[in-house]
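Notes for the structure review
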Amino acid sequence: MTGTVFREERPPAGAPPRLRLPEFRVFHPSDHLQLWVAEHGVVPEVSLRLLLDAGAAAEDANQAGVAELTARLLTEGAGDRDAVGMAEWLDRLGAAFRASVQYDIATMAMHCLSDVTEGALDFLATVLREPRFQEHEVDRVRGERLDEIERQFDEPAIVADHALIDAVYGKGLYARPAGGKADTVSSLQAADVRAYHAARYSSAGAVLILCGAVDGDRAADLVSARLGDWPAVGPASPVPECPAGPAVEGGVIVIDRPGSPQAEIRIGTVGAAHGTQDLFSIIVANAILGGLFNSRINMNLREDKGWTYGAFQEMLAEIRGMTERPPDPDEMRLAKNALTLSLPLQFETAGQVAGKVARQLIYRLPADYWETYRDNVEAVTSGDVVRVCERYLTEDRLVLLAVTDAEATAGTLDALGPVTVRTVPEA
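Here the structure is a predicted model, which is why all the values come from computation and not from measurement. (Residues numbered from 1 in each chain as written. Predicted model: local features only at pLDDT ≥ 70, side-chain atom pairs only at ≥ 80, totals over all residues. Heavy atoms only, no water.)

The strand order across the open sheet formed by 4 strands is 8-9-7-10, and the pairing between neighbours is mixed. Each of the sheet's edge strands pairs with one partner strand only, and the pair in question is strand 8 (264-268) and strand 10 (419-422). The average undirected angle you get between the axes of adjacent strands in this sheet is 20°. Relative to strand 9 (residues 399-404), strand 8 runs antiparallel, the two being bridged by 5 bridges. Looking at the pairing, Gly268 lines up with Val399 of strand 9. (Pairing = 2+ DSSP bridges. Helix = DSSP H or I, 4+ residues; strand = E, 2+ residues; numbered from the N terminus. Axes fitted to C-alpha atoms, helices over the stretch in contact; angles between N-to-C directions.)

Moving on, we get to the sheet that holds strand 3 (residues 45-52). On the basis of which strands lie adjacent, the open sheet formed by 6 strands has the order 1-2-6-3-5-4 and mixed pairing. A strand with exactly one partner marks an edge of an open sheet, and here the two such strands are strand 1 (25-27) and strand 4 (96-101). Averaged over all pairs of adjacent strands, the angle between strand axes in this sheet comes to 15°, irrespective of strand direction. Two strands pair when backbone bridges link them, and strand 1 and strand 2 (residues 34-39) are joined in this way by 3 bridges, in the antiparallel orientation. Bridged to Val26 within strand 2 is Trp36. Across the face of the sheet, helix 3 (residues 117-129) comes into contact with strand 3, strand 4, strand 5 (106-113) and strand 6 (207-212) while running at roughly 155° to strand 5. Along the sheet, helix 13 (residues 350-362) makes contact with strand 2, strand 3, strand 5 and strand 6, crossing strand 3 at roughly 20°. (Contact = heavy atoms within 4.5 Å.)

Take the nonpolar core next. In terms of nonpolar packing, the biggest core is built from 53 residues, with Ile209, Val284 and Tyr373 touching the most fellow members. What Ile209 contacts, discounting residues up to four positions off in sequence, is Phe24, Trp36, Ser47, Leu48, Arg49, Leu51, Ala354, Val357, Ala358 and Leu361. Formed by 52 residues, the second largest nonpolar core is a distinct cluster that contains Ala54, Leu69, Met86 and Val141. (Core = buried A, V, L, I, M, F, W, Y, C linked by side-chain atoms within 4.5 Å. Buried < 20%, exposed > 50% of the residue type's maximum accessible area, 1.4 Å probe, protein only.)

This part covers the packing of aromatic side chains. For the structure shown, the criterion picks out 11 aromatic pairs. Residues Phe24 and Trp36 carry aromatic rings whose centres are separated by 6.2 Å and whose planes lie at 55° to one another, so their mutual orientation is tilted. Placement of Phe24 in the segment before strand 1 and of Trp36 in strand 2 is noted, with a sequence separation of 12 residues between them. Both residues of the pair, Phe24 and Trp36, belong to the buried class. Considering the side-chain rings of Tyr369 and Tyr373, the 5.9 Å spacing of their centres and the 75° angle between planes classify their relative orientation as edge-to-face. On the basis of relative accessible area, Tyr373 is assigned to the buried category, the value being 8%. The rings of Phe280, Phe347, Tyr369, Trp370 and Tyr373 are connected pair by pair, giving a single aromatic cluster. (Phe/Tyr/Trp six-rings, centres within 6.5 Å; stacked < 30°, edge-to-face > 60°.)

This part covers the packing of helix 9 (residues 279-291) against helix 12 (residues 329-340). At their nearest, the axes of helix 9 and helix 12 sit 9 Å apart, and the two run at 110° to each other. Our classification of the angle between helix 9 and helix 12 gives roughly perpendicular. In this structure, helix 9 uses Ile283, Val284, Ala287 and Ile288 to contact helix 12, whose residues at the interface are Glu331, Met332, Ala335 and Leu339. Looking at the contact of helix 9 with helix 12 residue by residue, the classes come out as 7 nonpolar, no polar and 1 charged. (Parallel < 35°, antiparallel > 145°, perpendicular 65-115°, else oblique. Nonpolar A, V, L, I, M, F, W, Y, C, P; charged D, E, K, R; others polar.)

Here it is, written out as structure tokens:
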């Protein structure tokens, strides 16, 4: 009968959607500033991302945390407005503003309705070029940052993350958090923030991304009027190098946290740079090993509730199993589908598109990175997965670490080799 629906039969799957990115036009409002603009979507919104060469890699080690502190202070008084006035200005625009710092870069992000784009650019230009950095505001925000660092170390997960960084990197840039530690943050003064801003906040290497209901030519005019004479100061910082793998002597590092009823477990090593030819093989391997709900590690540990210290053995067994039991076709298909079929959903909003393009620029990925992402994932074979696991996940590269009560767990980890007990790292 026409129109009959047989619910017991699953309808055939249609062809997976292809990713369609909006076309970006590139302008040069000044000799150094790049402006990337794309009209995207039907919602009257605009998302902005400004990428600056002002990340933690550019700061002196004895001032670690000054990049983060500078970014947080941008809205605490700028131009002719104090901190309250800046908050009221942003509120009247109905816009959102966020500043964040990574090792490589500092990012300013804004989101607003398209009819206040001009006002949003006024706000952005003001915080970039006219921050006050008044001493009482610096003292207040520094104090908030120190309180935040101290509170973080009440969380075993954060203790484990910091301890793993110490164990893997030992010293150098990546051995410290991008936001700095308490000993260096506590010494930062208003003069340090002003000096960092003067040296790093400039058009040299800066990229502004606008995506949404915006006309490229008009956006270029608006940006040129506000940032066209923004000076360029100093050379761009080199991209931080990816260090070699850690020197691992075997065994387990236990971070003693007396009274802990559970353990935070980490197995880690230095990864590969984004530009490696192994990138997509690593992405698929990670999904199969532990990156998905149905990954090997997750399904293993969920089989029997209540894993504690035995989880180390099971996790190591699954890592070994990636080479001893290569992924079968079903695992490969599950991982590839998870990585690719949802990709178009990650480019639906102006904010998502701006964020993805920002990531592409930050890590110097190929111009067609997202357009070819699916094809590159599909090209990965089971043999490729085995090869990268053999290269990057050998046990002589892995650091085993647990944050737990060392006395209560004495003897439970001896099968993994010598146990080194350490105190909780300093905040």
